[in-house]
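# What the coordinates show
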There are 2 protein chains.
Amino acid sequence: MNRKVIGIDIGGTTIKLGVFESGGTLAAKWEIPTRKESGGKAILPDIAASVRQKTAELGGTLSDYAGVGLGMPGPVLLDGHVDFCVNLGWGSMNPQEILSGLLDGLPVKSGNDANVAALGEVWQGGGQGYRNLVMVTLGTGVGGGVILDGKIWPGMRGVGGEIGHMHILDGETERCNCGGYGCLEQAASATGFVRIAKRTLAASTRPSSLRGIAELSAKDVLDEAKKGDALALESVETSCRYLGWALASVTMVLDPEAYLIGGGVSKAGTFLTEKIKRYHDELSPMATKKPKILLATLGNDAGIYGAAKLVC
Amino acid sequence: MNRKVIGIDIGGTTIKLGVFESGGTLAAKWEIPTRKESGGKAILPDIAASVRQKTAELGGTLSDYAGVGLGMPGPVLLDGHVDFCVNLGWGSMNPQEILSGLLDGLPVKSGNDANVAALGEVWQGGGQGYRNLVMVTLGTGVGGGVILDGKIWPGMRGVGGEIGHMHILDGETERCNCGGYGCLEQAASATGFVRIAKRTLAASTRPSSLRGIAELSAKDVLDEAKKGDALALESVETSCRYLGWALASVTMVLDPEAYLIGGGVSKAGTFLTEKIKRYHDELSPMATKKPKILLATLGNDAGIYGAAKLVC
């Protein structure tokens, strides 16, 4: 990495941008809103204008940069093509080619946002020192990223690492956002933790501190479980067992060195990862040497770090 | 591939060996018994003696060969070390180093037998033309091999591709050979097909042509299902659903181009693969472009082909 790079993480509400020095230090970060109207056609021009403005503010030009990395919320094919990005309003297009065109031909590389976040964590976050690792992001949904030999494994059609849509809750009758029934996301996203908690409460008449909470959140469920509320704990154990089960399946396929747990739900820390590890280990007895289960450390910045790493 | 190579597949009963010409043609193949007594200590000397004898018969010397590839039934670490090979009586050792020593320093490379078979099928069998593929061998057990970028992905501790030990039958009370409960192998190996058939028969009083068969085999179950026996068909559907489910999970992790089904049970052909595909596709709705589900073609020779490919 001899020159500066720019990392960009496009989310459904905001676009995060970061300038990284040649040594990999994050020198500046900022955000702009994601304008999704009219099929999201303003998003890439907005990014280009913001990049030009920031590079000028920093006293340089585009030619000072080796390139731009881009994380996007949806399946990204090997050549950067996306068939759709539902959350951005995008249909079939190649954002990395378009953005490169808007930035005077500056090289742009792109990937799925969860994959890119995993790369960021391996580069400068909780996954430092590992070259073969699977990251699971427990947020509104459950994202995932597979890093093999230090690089993103995006899969052949952009759904590599979509751990959240592994079928795990067999017999589930409610539909997942992906169109399936019984995806891991339905039990282990922030929404999933709440969903399992509500089911646990409904299936019992026992008292629980959760019963008094009007708008139950994953944080409530985890906080009350930590305080010892029996039903909250039972519910967290259920969600963690599904997570441990999914990761045990990944172990039997990829046998990675470690897992990295990120996203809002992961703020519950080792209270969460120790449970996931217990179920993972129980459900992968053939793996005599178990992978570690670690916590992500870059938070919302993982995406811009990983995007930068795509071009350095 | 400029010189001849030797491919060796060590099984619990016989050791298969093959000489491959520089162009990849199998020029000679033969077998020797696997002598497992006394911790299998005769196995590698037997192989070395047989290789020396055959190369002499073919009118050459060891120096005519670029190397020897070796497939072994157990987890093989990246450096060729095995902690154990239960079926051979082996404990912790490095067979590839030992065999190289016995063959005057001829290069020897090794891998897990199922992984090596997958490599063979990609090289000259049903997986030709694919560089990213997962093979599942439905035999006495369920083996698996992951091929990424044309190479075996063995995992960090030798359990990569152990598809047969993915946890799938949740709540299973019978124990799998691996020590776990509810592995795919318990439903989809030859033994697994029979096991599910016996359960299906026991759960119903309906007549079935299977009821008259004393020593039920997977072939019986599949043959009777093909003929239209309702309970046999129900049982095959159950096993295939577990298989399709496991492969759908692999798709959400690795997103390969194709799956390759091999082993004795795969002789049922497209009758089997079409069912697996139906369940796979149903349980991976996010993968809008589905991987193919193909049949292996090299049969019992896949191991020697793949072993040869390790050294050319």
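Residues numbered from 1 in each chain as written. Chains lettered and ligands numbered in written order. Predicted model: local features only at pLDDT ≥ 70, side-chain atom pairs only at ≥ 80, totals over all residues. Heavy atoms only, no water.

This paragraph deals with the relation of the copies chain B and chain A. Placing chain B over chain A gives an RMSD of 0.0 Å and needs a rotation angle of 180 degrees, together with 0.0 Å of translation along the axis. Taken together, the turn and the small shift mark the pair as related by a two-fold rotation axis. With an isologous cut-off of 70% or more, the 100% of interface residues of chain B that recur at the interface of chain A puts this contact in the isologous class. (Least-squares fit on C-alpha atoms with pLDDT ≥ 70 in both. Contact = heavy atoms within 4.5 Å.)

This part is about the pairing of strand β3 (residues 26-33) of chain B. Inspection of the sheet shows strand β2 (residues 14-20) of chain B paired to β3 of chain B by 7 bridges, in the antiparallel sense. Following the sheet pairing, G18 of chain B is matched in β3 of chain B by K29 of chain B. (Pairing = 2+ DSSP bridges. Helix = DSSP H or I, 4+ residues; strand = E, 2+ residues; numbered from the N terminus.)

Throughout the structure, instances matching the rule amount to 34 salt bridges over all chains. For E57 of chain A, the salt bridge is made with K54 of chain A, and the minimal N-O distance between the two is 3.6 Å. Note that E57 of chain A and K54 of chain A are positioned in helix α2 (residues 43-57) at a spacing of 3 residues, about one turn of the helix. The exposure class of K54 of chain A is buried, given its relative accessible area of 17%. The salt bridge partner of D104 of chain B is R52 of chain B, with a shortest N-O separation of 2.7 Å. Taken together, the positions of D104 of chain B in the loop between α3 (95-102) and β5 (108-112) and R52 of chain B in helix α2 (residues 43-57) put the pair 52 residues apart, joining distant regions of the chain. Exposure remark for R52 of chain B: the relative accessible area of 34% places this residue in the partly exposed category. Look at the salt bridges and you will find they share partners, linking E172, E174, R195 and R199 of chain A into a network. (Salt bridge = Lys/Arg side-chain N within 4 Å of Asp/Glu carboxyl O. Buried < 20%, exposed > 50% of the residue type's maximum accessible area, 1.4 Å probe, protein only.)

Along the chain, the position of S266 of chain B falls in the loop between β9 (258-262) and α9 (270-282). Leaving out residues up to four positions away in the same chain, S266 of chain B has contacts with I261, L272 and L295 of chain B.

We now examine the interface of chain B and chain A. Counting residues at the interface gives 43 residues for chain B, matched by 43 residues for chain A. The contact between chain B and chain A buries some 3,800 Å² in all, and 63% of this surface belongs to carbon and sulfur atoms. Seen at the junction of chain B and chain A, the total is 6 salt bridges. For R157 of chain A, the salt bridge identified is with D255 of chain B, shortest N-O distance 3.9 Å. If you look at where chain B meets chain A, you find 27 residue pairs in polar contact (both at pLDDT 80 or more). Within the residue set of the side of chain B that touches chain A, elements represented by two or more residues are β7 (142-148) and α8 (230-254) of chain B. Here the element with the most residues in the side of chain B that touches chain A is α8 of chain B; it accounts for 8 residues. In the side of chain B that touches chain A, the residues fall into 22 nonpolar, 11 polar and 10 charged. (Buried area = accessible area lost by both parts, 1.4 Å probe. Polar contact = N/O pair within 3.5 Å; in protein donor to acceptor, adjacent residues only side chain to side chain. Nonpolar A, V, L, I, M, F, W, Y, C, P; charged D, E, K, R; others polar.)

Within the structure shown, the criterion is met by 9 aromatic pairs over all chains. Ring geometry for W245 of chain A against W245 of chain B: centres 6.2 Å apart, planes inclined by 45 degrees, an arrangement best described as tilted. A residue pair is termed interchain when its members come from two chains, as with W245 of chain A in helix α8 (residues 230-254) and W245 of chain B in helix α8. Both residues of the pair, W245 of chain A and W245 of chain B, count as buried. Consider the rings of F20 of chain B and W123 of chain B, whose centres lie 5.9 Å apart with planes at 40 degrees: the pair is tilted. Of this pair, F20 of chain B sits in strand β2 while W123 of chain B sits in helix α4 (residues 113-124), and the two are 103 residues apart along the sequence. Clustering of aromatic rings is evident, with ring pairs tying together Y242 and W245 of chain A together with Y242 and W245 of chain B. Lying over the aromatic face of F271 of chain A, K275 of chain A brings its terminal NZ or CZ to 4.5 Å of the ring centre. (Phe/Tyr/Trp six-rings, centres within 6.5 Å; stacked < 30°, edge-to-face > 60°. Lys NZ or Arg CZ within 6 Å of the ring centre and 35° of its normal.)

So, about the sheet that holds strand β2 (residues 14-20) of chain A. Residues and elements named next belong to chain A. The mixed open sheet is built from 5 strands, whose spatial order is β3-β2-β1-β4-β5. Edge positions in the open sheet fall to β3 (26-33) and β5 (108-112), since each of these has one partner strand only. For this sheet the average axis-to-axis angle between neighbouring strands, irrespective of direction, equals 15 degrees. Sheet topology places strand β1 (residues 4-10) next to strand β4 (residues 65-72); 6 bridges connect them, and they run parallel. Paired with K4 across the strands is Y65, a residue of β4. Sheet strands touched by helix α4 (residues 113-124): β1, β2, β4 and β5. Its angle to β5, the strand with the most contacts, is close to 105 degrees. Across the sheet, helix α10 (residues 302-310) lies against β1, β2, β3, β4 and β5, angled at about 130 degrees from β1, the strand it touches most. (Axes fitted to C-alpha atoms, helices over the stretch in contact; angles between N-to-C directions.)

Don't take any of this as a statement about function, it's just geometry.
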